[in-house]
Amino acid sequence: MTGGQPVDGKLSVPQIARQMADEGATQVVIVTDAPERYAGIDLGAPVRHRKDLDLVQRELREIPGVTVLIYDQTCAAEKRRRRKRAAYPDPPRRLFINTGVCEGCGDCGVQSNCLSIVPRETELGRKRAIDQSSCNKDYSCVEGFCPSFVSVVGG
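Residues numbered from 1 in each chain as written. Predicted model: local features only at pLDDT ≥ 70, side-chain atom pairs only at ≥ 80, totals over all residues. Heavy atoms only, no water.

### Digging into a nonpolar patch on the surface
- A surface patch of nonpolar side chains, amounting to about 190 Å² of accessible area, comprises Phe96, Val150 and Val152.
- By the element assignment, Val152 lies in strand β7 (residues 149-153).
- Take Val152: its relative accessible area is 30%, and that puts it in the partly exposed class. (Patch = residues over 30% accessible without salt bridge, like charges linked within 9 Å, V, L, I, M, F, W, Y side chains within 5 Å. Areas by Shrake-Rupley, 256 points an atom, 1.4 Å probe, with all protein chains shown as cover. Salt bridge = Lys/Arg side-chain N within 4 Å of Asp/Glu carboxyl O. Helix = DSSP H or I, 4+ residues; strand = E, 2+ residues; numbered from the N terminus. Buried < 20%, exposed > 50% of the residue type's maximum accessible area, 1.4 Å probe, protein only.)

Below you can see the structure in the form of structure tokens.
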């Protein structure tokens with residue numbers, strides 16, 4: 001699903017994983033931002049953190065036959081909608097990019113593949129900024145090697 005659509009009946013990630021395996025998928029992998037949710041649950045499929053998504057995709061493409069990647073995460077747009085209605089937890093932490101420190105390399109956008117990292121023209125050239133209205137607050141942009149991030153909690 002691409003975000004917020006209701007699912008007919010009770011369909012869970014473990015059920016989908018088992019069904020795909022039963023239907024003959026060569027390999028099923030679950031990718032999630034909270035792998036601990038599946039601790040102790042027999043899924044018949046490995047669970048990997050979403051930071052490994054690219055690696056998992058590369059591994060699956062080398063396996064002959066049908067492979068299945070189950071990406072278990074609430075859609076970022078749906079998270080923002082729910083947060084506006086106070087129906088989803090809103091982390092008190094916000095990230096900003098200090099343009100005085102940013103060198104404009106863009107590694108934050110490459111590492112996170114985040115659309116909220118936007119160019120900002122300054123008197124010192126093009127830098128990066130975080131569009132706060134579209135930020136999904138997963139903090140993946142700080143995965144790169146960049147000292148320009150500023151974290152504001154409760155501000």
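So much for the structure itself; the text now carries on.
### Describing the packing of aromatic side chains
- Inspection of the entire model under this criterion finds zero aromatic pairs.
- Geometry around Tyr139 places Arg93 over its ring, the cationic atom sitting 4.4 Å from the centre. (Phe/Tyr/Trp six-rings, centres within 6.5 Å; stacked < 30°, edge-to-face > 60°. Lys NZ or Arg CZ within 6 Å of the ring centre and 35° of its normal.)

### Things to note about helix α1 (residues 13-22)
- Those residues of α1 that sit buried are Val13, Pro14 and Ala17. Down the axis of α1, the buried set is contained in an arc of 100°. They therefore lie on one face.
- Structurally, α1 contributes buried residues whose contacts are with β1 (27-32) and β3 (67-72). (Arc of directions from axis to C-beta. Contact = heavy atoms within 4.5 Å.)

### Here's the deal with the sheet that holds β1
- Within the open sheet, the three strands sit side by side as β2-β1-β3. Their pairing is parallel. Both edges of this open sheet fall to β2 (47-49) and β3, since each of them pairs with a single strand only. For this sheet, the mean inter-axis angle between neighbouring strands, taken without regard to orientation, is 30°.
- Where β1 meets β3, six bridges bridge the pair, whose relative direction is parallel. Considered in β3, the bridge of Ile30 is made with Ile70.
- Here helix α2 (residues 53-61) sits on the sheet and contacts β1, β2 and β3; the angle it forms with β3, its principal contact strand, is near 165°. (Pairing = 2+ DSSP bridges. Axes fitted to C-alpha atoms, helices over the stretch in contact; angles between N-to-C directions.)

Without other data, these values stay purely geometric and don't point to any function.
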